[in-house]
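# Reading the structure
The chain contents come next:
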Amino acid sequence: MDSAPAGTGGAVQATRRTIPGLRLSRLWALPALIPVFLLRYLAVGVGAYYAFTSWNGVSVQADFVGLANFRRLFSDEVARQAVWNTLLLSSTAVILSNVFGMLLALSLNRLLRTRQLLRSMFFAPFAMTPLAVSYVWAYILDYDGLLNRTLGWVGLSSWRHAWIGDPDTAIWTILVVLVWQLSGLCMIIYLSGLQGVPEEVIEASELDGAGQFATFRHVLLPLLNPAIVVAVALPTIMTLRVFDQVIGLTNGGPAQATETLATQVYRQSFVSGDYGYGAAIALMLTVVIAVVSLAQIFILRRR
Amino acid sequence: MSRLKYRKRTFAREALMLLAAALWWVPFYLVVALSLQDNEAVTERSLALPITHPELENFKEAWSGAGANLGRGLLSSVIITLSSVFVVVVLGSLAAYTIARHASRLNNVLYVTFVLGIVMPYQLGLIPAFIALRELGLVGSYAGMVLLYTGLELPTAIFLYAGFIRAFPREYEEAALVDGAAPFRVYWRIVFPLISPITATVAVVTALFVWNDFFNQLVFLAGTDNQTLPVAIYGFVGEFATQWNYVFAGVVISILPVLVFFIVTQKQLVRGFTGGIKS
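Residues numbered from 1 in each chain as written. Chains lettered and ligands numbered in written order. Predicted model: local features only at pLDDT ≥ 70, side-chain atom pairs only at ≥ 80, totals over all residues. Heavy atoms only, no water.

Under the annotation held in an unreviewed UniProt entry, chain B carries the name Sugar ABC transporter permease and is attributed to Phytohabitans rumicis. One UniProt comment on chain B, placed under Subcellular location (unreviewed entry), says "Cell membrane". Regarding chain B, the UniProt comment filed under Sequence similarities (unreviewed entry) reads as follows: "Belongs to the binding-protein-dependent transport system permease family." (UniProt positions renumbered as here; feature names shortened; annotations may be inferred.)

Right under this line is the structure:
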């Protein structure tokens, strides 16, 4: 890489970061640029084009069909349900994870002797293979599962329910796993944010007594704004793409009641071979993520 | 400061939190307990704790039994994860070093290109990536997966590396250059060892992403000889739906390494996911 012309005034900003005599070849960035360009730019662009074709993955030519895939998407009962499920799961998971994460961060911030252990224990689920832990949860929430058995033992047999088998409750079993995994992530983000907050402010709003809600609301919360942006944005993107937990718990059922946009992308493209329609659903998911993320950043930054 | 004292109420809070954490861990106890029960106990969900008759047969069967072969899945997961981490660290640190240490318009463009890559919607690129790899004969291969994960994970790696290197003192490099060392030698012998804290973070975040990923591995590896652990377990559930004890032996083989990995690498992991807050 050639450096900016030496001795000219315009190079001041450049020389601030450049080490004299260190001649780095721009080729050093090239090996990294190629895979990123191919996967994150070229493939994404081609994918967006596929959304307007009726390609089945086999024929030589992809026929341009305009908005036909999107008309199909909006009249497709399962796809509409998938859009709704995706938004419902994501919004409830983000809210609950943030509430739990904030409570955990404030409770475990200092003073407690086992706080390091406790933080690790709450953070651990986030690191675990989502598909594998979803099978564990399926075993707990099954009709014959641990939850119903426990309800039986404590004399609440009437509360027993086919949590996963009932279309009305199946979606909430996925939410349980999402919140279980993401609360710990929100917790460490808030703990990290609390490091930059003066000790007295935290003390005044810590959960070691009553009546500190006002301090929390008007003093601590504004100080934590940068952490809130991250703790909302990261889980939002993760949950809008929810796939593994759905497969592990309900596999989209019963009767396709818990399909999400990501599971539909998979099924339409790679199970049915309908790449054009699958790409249209992927584009829909992309638009949803973009709109929700931009709206969040806009709202959270303005506060 | 009376509030700083450990009071009775604090003790109550500590006990409450410990109880909550224990409940939070119920799935983990279950995994271990269930993997060691015989099939009847698992199907009956008698859930006897502590475990009286450890049943290691489940592991043997799941490890190399007909149609299961989680041993092979584990091997594939390890190979793909380690190779991806290696490539991401080498290419990512090199690119970030060039960008961070040499200000120019081109490097600014490169930096923005990489960082914007983080938010580019890869699920939209998945179908073209699949077609391209299929044409190249790379579907079902380790090389194809490493290429895929390199493209997906490099933007985050470069973002983390560039931020760290920019804040890093440059006296060592300047001294080495005065001594007449070649730039690549400076990078490899001086810079790379010095930035090892961020290398650890990048490696941990990348490893966890690749190891835990199911979506891409299902698309690219399902039905091939190189199925990873999650794909193998997924196939396992369909095949042995009633034999939960085998499923759980698989789940244990998948979760225990992550649990150990998590305990060892927590610090790097936390840094990887909280790095964006201070900026």
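More follows now that the structure is in view.
Attention now goes to the overall build of chain A. Looking only at helices and strands, chain A has 14 helices and zero strands in total. Listing the helices and strands of chain A from first to last along the sequence gives α-α-α-α-α-α-α-α-α-α-α-α-α-α. Of all 303 residues assigned to chain A, the portion counted as buried reaches 56%. When the accessible surface of chain A is totalled, it reaches about 13200 Å², and 65% of it is carbon and sulfur. (Helix = DSSP H or I, 4+ residues; strand = E, 2+ residues; numbered from the N terminus. Buried < 20%, exposed > 50% of the residue type's maximum accessible area, 1.4 Å probe, protein only. Areas by Shrake-Rupley, 256 points an atom, 1.4 Å probe, with all protein chains shown as cover.)

With that out of the way, let us pick up the overall build of chain B. A count of helices and strands for chain B gives 14 helices and zero strands. Its helices and strands in sequence order give chain B the pattern α-α-α-α-α-α-α-α-α-α-α-α-α-α, from N to C terminus. Considering chain B as a whole, with its 279 residues, one finds that 53% of them fall into the buried category. At a minimum sequence separation of 6, the contacts of chain B that also span at least 24 residues come to 73%. (Contact = heavy atoms within 4.5 Å.)

Moving on, we come to the side chain of Asp-213 of chain B. With respect to the element layout, Asp-213 of chain B can be found in the loop between helix H11 (196–212) and helix H12 (215–221). Despite its burial, Asp-213 of chain B remains without a salt bridge, the nearest opposite charge being carried by Arg-241 of chain A at 8.8 Å. When residues no more than four places from it in sequence are discounted, the contact partners of Asp-213 of chain B are Tyr-149 and Pro-230 of chain B. (Lys, Arg positive; Asp, Glu negative; His and termini not counted. Salt bridge = Lys/Arg side-chain N within 4 Å of Asp/Glu carboxyl O.)

Looking now at unusual backbone geometry. Residue and element names in this part refer to chain A. The phi angle at Asn-251 is positive, at roughly 55 degrees, despite the residue not being glycine. Locating Asn-251 in the fold gives a position in the loop between helix H12 (244–249) and helix H13 (261–271). Given the relative accessible area of 37%, Asn-251 is considered partly exposed. Positive phi outside glycine occurs at Ala-255, with the angle close to 50 degrees. Tracing the backbone shows Ala-255 in the loop between H12 and H13.

This paragraph deals with the interface of chain A and chain B. On the side of chain B, 105 residues touch chain A, which itself brings 106 residues to the contact. Sort the elements by how many residues they give to the side of chain A that touches chain B and helix H2 (residues 30–50) of chain A lands first, with 14 residues. In the side of chain A that touches chain B, the residues fall into 69 nonpolar, 20 polar and 17 charged. (Nonpolar A, V, L, I, M, F, W, Y, C, P; charged D, E, K, R; others polar.)

Right, let's talk about the pattern of salt bridges for a bit. Two side chains that carry opposite charge are able to pair once their charged atoms sit near each other. Scanning the model with the defined rule gives four salt bridges over all chains in all. A salt bridge links Arg-267 of chain A to Glu-259 of chain A, with the shortest nitrogen-to-oxygen separation between them at 2.7 Å. Exposure class is identical for Arg-267 of chain A and Glu-259 of chain A. Each is buried. A salt bridge links Glu-173 of chain B to Arg-101 of chain B; the shortest N-O distance between them is 2.9 Å. Of the two residues, Glu-173 of chain B sits in helix H9 (residues 171–178) while Arg-101 of chain B sits in helix H5 (residues 70–101), which places them 72 residues apart along the sequence. By the burial criterion, Glu-173 of chain B is buried, and Arg-101 of chain B matches it.

A few words now on the confidence of the model for chain A. When pLDDT is low, close inspection of the predicted coordinates is not appropriate. In the predicted model, chain A carries a mean pLDDT of 84, and the fraction of residues at 70 or more is 88%. Across residues 1–16 of chain A, where pLDDT falls below 50, the model places 17 contacts with residues more than four positions away in sequence or in other chains. (pLDDT = per-residue confidence, 0-100.)

What the rule picks out here adds up to two cavities of 30 Å³ or more. Considering only enclosed or pocket space, the largest cavity measures out at about 40 Å³ in volume. If you go around the largest cavity, the residues you meet are Leu-39 of chain A together with Tyr-122, Gly-125, Leu-126, Ala-129, Leu-148 and Leu-152 of chain B. At the level of secondary structure, the elements contributing two or more residues to the lining of the largest cavity comprise helix H7 (122–135) and helix H8 (142–166) of chain B. Here the lining of the largest cavity gets four residues from one element, more than from any other, and that element is H7 of chain B. Per-class residue counts for the lining of the largest cavity are six nonpolar, one polar and no charged. In this model, the second largest cavity occupies a volume close to 30 Å³. As for the second largest cavity, its lining consists of Glu-153, Thr-156, Ala-157, Leu-160, Val-202, Val-205 and Thr-206 of chain B. When residues of the lining of the second largest cavity are traced back to their parent elements, those giving at least two are H8 and H11 of chain B. Per element, the largest residue contribution to the lining of the second largest cavity is four residues, and it comes from H8 of chain B. (1 Å grid on protein atoms, 1.4 Å probe; cavity = no way out; pocket = protein on both sides within 12 Å on 5 of 7 lines; lining within 4 Å. Points joined across faces, edges and corners; volume = space filled by probe spheres on them.)

Along helix H7 (residues 146–153) of chain A, the residues that are buried comprise Leu-146, Asn-148 and Leu-151 of chain A. Against helix H6 (130–141) of chain A together with helix H2 (26–35) of chain B lie the buried residues of H7 of chain A. Within two residues after H7 of chain A, Gly-155 of chain A carries a phi angle of roughly 85 degrees, on the positive side.

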